[in-house]
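So the chains spell out like this:
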Amino acid sequence: MRVLRAPATVLVALVLTSCAAVTPPAATSSSPTTSAVPAPTPSSTASPTAAAIATLSLSLGHLDAADASGAVAGTARLDDGDAVVQLLSRTLGAPVSQEHHTDPWDVTTTKWDGVIVSVYADPAKARITFLAAASAGVSLRSAIGVSVGMTREAAIAAGATPTASFTDTSGAVHQILVSESTQQPGTNSLVTPGDVGSVYVEHESVDGTVTRIAAPGDDFSDL
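This text gives an overview of the structure that appears in the document.

### Examining the overall build of the chain
Alright, step 1. Counting its regular elements, the chain contains three helices and 14 strands.
Alright, step 2. Taken across its 223 residues, the chain has 45% of its residues classed as buried.
Alright, step 3. Taken as a whole, the chain presents about 9900 Å² of accessible surface, with 55% of it coming from carbon and sulfur.

Here's what the structure looks like:
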């Protein structure tokens, strides 16, 4: 998916573990544990193989795995965290790590090269972050076609809308560009006080280059 005196999404993104659109309740503090990564189990979605999949495309509600022709071979909804992890495991292979944390939220973080998935226990929703243009030979991009490494201008041309920006302590300029922005009734925007909050796919640019793509992001959650 938080305002450094800037949007909350940026803060959360910089630490690579953002809260979902609805912040999970705090839990009793404990140390993170690292567990053996289980083999993916069968599911009702299509079962793509790494050799068949060319692209993983991230939208606000789901992750799609498509072949070289663009045909979708597998889909996982972001409100089904287990399905997301299974789809990524079938597509990218075994994850490089998996950790379970209970402080400040009950969340399991699974990582592949260039991909991070955080699955919250309640509700069991996933937040996906792309940190590279490709992983295991599979292209990673948002649904509007933006990938890490593209210029800010190219992301805007593809349909991303610039929102707030800030300059960090090193002087680097960060900006969030969003797509699929959807108002979330019952929330209040921290970026534009008085407005209803929104959820969206976020693309972060640093000094004019996209460095991170994540969904869902929002402008109303805070640490």
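### Focus on the side chain of Arg 127
Alright, step 1. Take Arg 127: it is sitting in strand S8 (residues 126–130).
Alright, step 2. Here the side chain of Arg 127 touches Glu 202 through a polar contact of 3.2 Å, side chain to side chain.

### Some details on the pattern of salt bridges
Alright, step 1. For the structure on display, the rule yields five salt bridges.
Alright, step 2. Arg 77 serves as the salt-bridge partner of Asp 79, at 3.1 Å between the closest nitrogen and oxygen.
Alright, step 3. Here Glu 204 ties to Arg 212 by a salt bridge, and the two come within 2.9 Å at their closest N and O atoms.
Alright, step 4. Judged by its relative accessible area of 3%, Glu 204 falls in the buried class.
Alright, step 5. According to the relative accessible area criterion, Arg 212 is buried, its value standing at 3%.
Alright, step 6. Bridged by salt links that share partners, the residues Arg 127, Glu 202, Glu 204 and Arg 212 form one connected network.

### With respect to the pairing of strand S2 (residues 55–58)
Alright, step 1. Alternating residues of S2 divide into Thr 55 and Ser 57 and Leu 56 and Leu 58, and every residue in both groups is buried.
Alright, step 2. Of the strand pairs in this sheet, S2 and strand S3 (residues 62–66) are connected by four bridges, and their pairing is antiparallel. Residue pairing across strands places Thr 55 opposite Ala 66, the latter belonging to S3.
Alright, step 3. In textbook terms, the turn of a hairpin is the stretch between consecutive antiparallel strands, and for S2 and S3 this stretch comprises three residues.
Alright, step 4. Examined bridge by bridge, S2 and strand S10 (residues 138–142) share four bridges and lie parallel to one another. Note that in S10 the partner of Ser 57 across the bridge is Arg 141.

### A few points about the packing of aromatic side chains
Alright, step 1. Enumeration according to the criterion identifies one aromatic pair in this entry.
Alright, step 2. Aromatic side chains Trp 105 and Tyr 120 sit 6.5 Å apart centroid to centroid with 70° between the ring planes, which places their arrangement in the edge-to-face category. Here the residue Trp 105 occupies a position in the loop between strand S5 (97–101) and strand S6 (107–112), and Tyr 120 occupies one in strand S7 (residues 115–120), the gap between them amounting to 15 residues.
Alright, step 3. Classification of Trp 105 as buried rests on a relative accessible area of 12%.

### Some points on the nonpolar core
The nonpolar side chains of soluble globular proteins are, as a tendency, buried together.
Alright, step 1. Counting residues in each nonpolar core, the largest one holds 34 residues, and the members touching the most others are Leu 56, Leu 88, Val 117 and Phe 130.
Alright, step 2. Residue assignment for this core shows that the elements contributing at least two residues are S2, S3, helix H2 (81–92), S7, S8, S10, strand S13 (196–206) and strand S14 (209–218).
Alright, step 3. No other element matches the six residues that H2 contributes to this core.
Alright, step 4. Dropping the residues within four chain positions of it, Leu 56 is found in contact with Leu 63, Asp 64, Ala 65, Leu 88, Thr 91, Leu 92, Phe 130, Val 138, Ser 139, Leu 140 and Arg 141.

### What to know about unusual backbone geometry
Alright, step 1. The omega torsion across Asp 103 and Pro 104 is 5°, close enough to zero to call that bond cis.
Alright, step 2. Omega for the peptide link from Ala 215 to Pro 216 comes to -5°, which places this bond in the cis form.
Alright, step 3. Along the polypeptide, Pro 216 turns up in strand S14.
Alright, step 4. Located in the positive-phi region is Ala 136, a residue other than glycine, with phi close to 55°.
Alright, step 5. Here Ala 136 lies in the loop between strand S9 (134–135) and S10.
Alright, step 6. By relative accessible area, which is 57% here, Ala 136 ends up exposed.

Criteria and cut-off values
Residues numbered from 1 in each chain as written. Predicted model: local features only at pLDDT ≥ 70, side-chain atom pairs only at ≥ 80, totals over all residues. Heavy atoms only, no water. Helix = DSSP H or I, 4+ residues; strand = E, 2+ residues; numbered from the N terminus. Buried < 20%, exposed > 50% of the residue type's maximum accessible area, 1.4 Å probe, protein only. Areas by Shrake-Rupley, 256 points an atom, 1.4 Å probe, with all protein chains shown as cover. Polar contact = N/O pair within 3.5 Å; in protein donor to acceptor, adjacent residues only side chain to side chain. Salt bridge = Lys/Arg side-chain N within 4 Å of Asp/Glu carboxyl O. Pairing = 2+ DSSP bridges. Phe/Tyr/Trp six-rings, centres within 6.5 Å; stacked < 30°, edge-to-face > 60°. Core = buried A, V, L, I, M, F, W, Y, C linked by side-chain atoms within 4.5 Å. Contact = heavy atoms within 4.5 Å.

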